[in-house]
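# Architecture at a glance
Now for the letters of each chain:
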Amino acid sequence: MNAHSAALPTPRRFTPTGPLTGRIRVPGDKSISHRALMFGALAEGETRITGLLEGEDVLATAAALRAMGATINREGPGEWRVQGTGIGNLQQPAEPLEMGNSGTSTRLLMGILASHPLTVTLTGDASLSRRPMGRVTEPLGEMGAAFAASPGGTLPLTLHGARAAHPITYRLPVASAQVKSAVLLAGLNAHGTTRVIEPVPTRDHTERMLKGFGADLEVEERDGERIIALHGPARLQGQVIEVPGDPSSAAFFMVAALIVPGSELVIENVGLNPTRAGLLAVLRQMGGDITEENARDVGGEPVADLRVRHSALHGIAVDPAVAASMIDEFPVLFVAAALAHGRTTTSGLEELRVKESDRLAVMAEALRSTGAQVEERPDGLVIDGTGGVRLPGGPARVATHLDHRIAMSMAVAGLASEAGVEIDDTAPIRTSFPDFEALLDGAAPA
Ligand code: S3P
């Protein structure tokens, strides 16, 4: 039984508020937190982490790594220590690994396990059990791992890791940092050079952090593609890691402050890695007043405080080329579009259909139930905004389908509605942003 299926759904109505003001700090970056724990567990010696996201997804990663022999201790809020086993030394877990709602835990751990001679079963909640795993089992199979998946190539899935994995050269058929990372992580324990070719750049936290841990890895650009070469077998050394704030969590507060009149909110310590910062550019293009203050470097990642003021947004045609750099931010961008003047068109977003939910279908239905004008296309949404007038909202209960980002996006829509927006279940928010409701209630008093 996992946390979601065990817990009763927790509905909540999000009602219109006064302006969002003051200064807030969002929790640590989810992608970086998963990687800090995983690479710490594969390293020799101790890794010390501050700012770790203590959401359920990251805790699922920690539990899995512990079950395979890493020592992982929480020393204080966001402060964790990991004693690694060294690459190749993870142990056979006694039980199946429960991945909850977390695609990142699942796909990155599958990469690590593919080059360990272990047999491991991975399970997940109803959302994760619908998500495609063929995108990782296919390249990891070429590297020598074997898989017995559920029909459709989904979880529950049993992985038989290779005793001697072979390096491969793999051109990503989908723009996916999870697939890229899975192949590179399998390559850590393969003899020779594992190459991943990215036609479209995706978040590069794996490359940055593996280098920081001492892996022999090069990145080059050729003919508009990125080629990442990892020379294995690698040896990683424990590190000190400070995790910056998650831009994907900051996104909800950025949009909330932009659409609620009178708001001026500072969001501190937001990671602005260019492979993650697409939403900032798109919101500015829509007329959003967002300034960066105190720009600095945190743990090898660019970071700034963002000052966000209420703005009259206007609709745009979102360039599909930015999709990868804001892939998790589209649900909340759709909310911004629903309040903008004129039409916002998005395209090239087929990947949104295989996230924690089908985010195109679910957001189209959720926004329509609040009175927004939305057309769903196969690869995107077309939204005609209210021009800054509040959405009607109403009695309908939004179905979030175990998707934290749907729940948080529609909570933000509720702030800019007449009658409020009711969410069927806020529990999934704990996967990535346990303090979301407390922060929102603090920044935007009713
Ligand atoms: C992630 C990559 C993205 C993103 C997910 C986290 C990561 O998925 O949606 O929330 O940490 O590598 P894809 O790589 O499958 O697009």
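Here's a quick rundown of the structure.

Conventions used here
Residues numbered from 1 in each chain as written. Predicted model: local features only at pLDDT ≥ 70, side-chain atom pairs only at ≥ 80, totals over all residues. Heavy atoms only, no water. Pairing = 2+ DSSP bridges. Helix = DSSP H or I, 4+ residues; strand = E, 2+ residues; numbered from the N terminus. Axes fitted to C-alpha atoms, helices over the stretch in contact; angles between N-to-C directions. Contact = heavy atoms within 4.5 Å. Near = heavy atom within 4 Å. Polar contact = N/O pair within 3.5 Å; in protein donor to acceptor, adjacent residues only side chain to side chain. Areas by Shrake-Rupley, 256 points an atom, 1.4 Å probe, with all protein chains shown as cover. Right-handed = clockwise from strand over helix to strand, strands pointing away.

## Some details on the sheet that holds strand E2 (residues 21-25)
- Taken in spatial order, the four strands of this open sheet run E2-E15-E17-E16, and their pairing is mixed. Strand pairing shows two members of the sheet lacking a second neighbour, E2 and strand E16 (289-298), which therefore form its edges. Adjacent strand axes in the sheet meet at a mean angle of 15°, parallel and antiparallel pairs treated alike.
- Across the face of the sheet, helix H9 (residues 278-285) comes into contact with E16 and strand E17 (301-309) while running at roughly 160° to E16.

## Quick notes on the pairing of strand E19 (residues 373-377)
- In terms of strand pairing, E19 meets strand E20 (residues 380-384) through five bridges, oriented antiparallel. Counted as the bridge partner of Val374 is Ile383 from E20.
- If you look at the hairpin formed by E19 and E20, you'll find two residues sitting between the two strands.

## Focus: the site of the ligand
- In the vicinity of the ligand, the contacting residues are Ser31, Arg35, Thr104, Ala175, Ser176, Ala177, Gln178, Arg203, Ile327, Asp328 and Lys355.
- One of the backbone nitrogen or oxygen atoms of Ala177 is found 2.7 Å away from an oxygen atom of the ligand.
- Here an oxygen atom of the ligand and a side-chain polar atom of Lys355 are 2.7 Å apart.
- Against a free-state accessible area of 380 Å², the protein chains account for coverage of 95% of the ligand.
- When residues of the shell around the ligand are traced back to their parent elements, those giving at least two are helix H2 (30-42) and helix H6 (177-187).

## Some points on the pairing of strand E7 (residues 119-123)
- Both strand E6 (residues 97-98) and E7 contribute to a ladder of two bridges, which runs parallel. In the strand pairing of E7, Glu98 is matched with Thr123.
- Remark: the E6/helix H4 (residues 103-114)/E7 crossover connection has right-handed handedness.
- Across four bridges, the pairing between E7 and strand E9 (residues 154-160) is antiparallel. Paired with Leu122 across the two strands is Leu157, which belongs to E9.

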